[in-house]
Amino acid sequence: MADKTIINGLDRDAMQGTIAQLKKDPSLARFEFRVRNRWVDGGENRSTIRDFYGAGQEDTSRDTAFEFTNGEPPVLLGNNEGANPVEFLLHALAGCVTTTTVLHAAARGIAIRSLSTELVGTLDLQGLLDLDPAVSAGYEGIRIRMRIDADCSDAEIDDLLAFAQRHSPVCNTVCRPVPVRLERAL
């Protein structure tokens with residue numbers, strides 16, 4: 001049996017096998033992720049994540065759900081129960097851009113020695129509080145600064161980062177209008 005080709009902690013042979021299967025049957029690429037959330041009190045609420053649909057079936061790999069507490073700092077009328085939702089958005093963006101970078105580096109045969117990111121998002125509460133109709137309720141801008149040390153040229157890193165920005169699902173979602181429908185469940 002041949003040794004596995006592991007790059008950046010990922011099995012490159014398994015990755016190529018997955019890609020071959022998706023090319024053969026594109027319906028396997030359709031995924032549905034789910035989050036359930038319950039309000040606790042004030043600015044505190046909890047999200048639970050466990051089940052999802054992917055690769056043509058319901059996933060059963062998770063015995064226990066992941067639970068995340070959303071909170072607010074005192075200046076925003078909370079008690080620091082947890083990170084607030086706009087911070088979780090930055091967390092999701094950082095995680096997705098990092099994972100996308102590592103995945104595509106491995107696919108390109110680029111070994112990463114170290115990688116870290118710092119994200120800064122700016123927003124104006126006048127939008128959330130409806131104090132100025134000209135101010136958006138969301139982030140005005142987000143800056144991602146990535147430090148990466150890899151066994152390739154600077155030009156290859158720049159190309160990899162541009163590719164990751166375009167192909168990270170969270171970054172792509174944040175960077176383009178995505179229809180979101182809020183409806184009352186009965």
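Here, the structure is the one placed above.
Report follows, based on the coordinates.

For the chain, the count of helices and strands is 5 helices and 10 strands. Taken along the three principal axes of its C-alpha coordinates, the chain extends 60 × 40 × 30 Å. The buried share among the 186 residues of the chain stands at 21%. Carbon and sulfur atoms form 54% of the exposed surface of the chain, whose accessible area is close to 13,400 Å². Placing the 20 positive and 27 negative side-chain charges of the chain at their respective mean positions leaves the two points 6 Å apart.

It is worth spelling out a nonpolar patch on the surface at this point. On the surface, V75, L76, V86, L123, L125, L128, L129 and L131 cluster together into a nonpolar patch covering about 720 Å² of accessible area. As for its placement among the helices and strands, L128 is situated in helix α3 (residues 125-128). Overall, L128 belongs to the exposed group, its relative accessible area being 58%.

Time to look at the sheet that holds strand β3 (residues 32-33). With respect to topology, 3 strands assemble into an open sheet ordered β3-β6-β7, the strand pairing being antiparallel. Two strands in the sheet have a free side with no partner beyond their single neighbour: β3 and β7 (57-58). Pairing of β3 with strand β6 (residues 52-54) involves 2 bridges; the strand directions are antiparallel. Its bridge partner being in β6, E32 is matched across the sheet by Y53.

Here we take up the nonpolar core. Counting 9 residues, the largest nonpolar core consists of V102, A105, I110, I112, I148, A150, C152, I157 and L160. Contributions of two or more residues to this core are made by α2 (85-107), β10 (141-150) and α4 (154-167). In contact with I148, not counting residues within four places along its chain, are T101, I112, S114, L115, I157 and L160.

The next thing to look at is the sheet that holds strand β5 (residues 44-49). Read across the open sheet, the 3 strands follow the order β4-β5-β8; overall the sheet is antiparallel. Only two strands of the sheet have a single partner each, and these edge strands are β4 (36-41) and β8 (66-70). The average undirected angle you get between the axes of adjacent strands in this sheet is 20 degrees. Pairing of β5 with β8 involves 5 bridges; the strand directions are antiparallel. Each residue of the ladder has a partner; that of I49, found in β8, is F66.

Next up on the list: the pattern of salt bridges. Counting across every chain of the model gives 9 salt bridges. One salt bridge in this structure joins E58 and R34, with 2.8 Å as the shortest N-O distance. Of this pair, E58 sits in strand β7 while R34 sits in the loop between β3 and β4, placing them 24 residues apart in sequence. Under the relative-accessibility criterion, E58 is labelled partly exposed at 39%. Ionic pairing is found between R181 and E183, a salt bridge with its closest N-O pair at 2.7 Å. One exposure class covers both R181 and E183, and it is exposed. Where salt bridges share partners, they join E32, R34, R36, D51 and E58 into one cluster.

Calculation rules
- Residues numbered from 1 in each chain as written.
- Predicted model: local features only at pLDDT ≥ 70, side-chain atom pairs only at ≥ 80, totals over all residues.
- Heavy atoms only, no water.
- Helix = DSSP H or I, 4+ residues; strand = E, 2+ residues; numbered from the N terminus.
- Buried < 20%, exposed > 50% of the residue type's maximum accessible area, 1.4 Å probe, protein only.
- Areas by Shrake-Rupley, 256 points an atom, 1.4 Å probe, with all protein chains shown as cover.
- Lys, Arg positive; Asp, Glu negative; His and termini not counted.
- Charge placed at Lys NZ, Arg CZ, Asp CG, Glu CD.
- Patch = residues over 30% accessible without salt bridge, like charges linked within 9 Å, V, L, I, M, F, W, Y side chains within 5 Å.
- Salt bridge = Lys/Arg side-chain N within 4 Å of Asp/Glu carboxyl O.
- Pairing = 2+ DSSP bridges.
- Core = buried A, V, L, I, M, F, W, Y, C linked by side-chain atoms within 4.5 Å.
- Contact = heavy atoms within 4.5 Å.
- Axes fitted to C-alpha atoms, helices over the stretch in contact; angles between N-to-C directions.

Geometry only, nothing functional implied.
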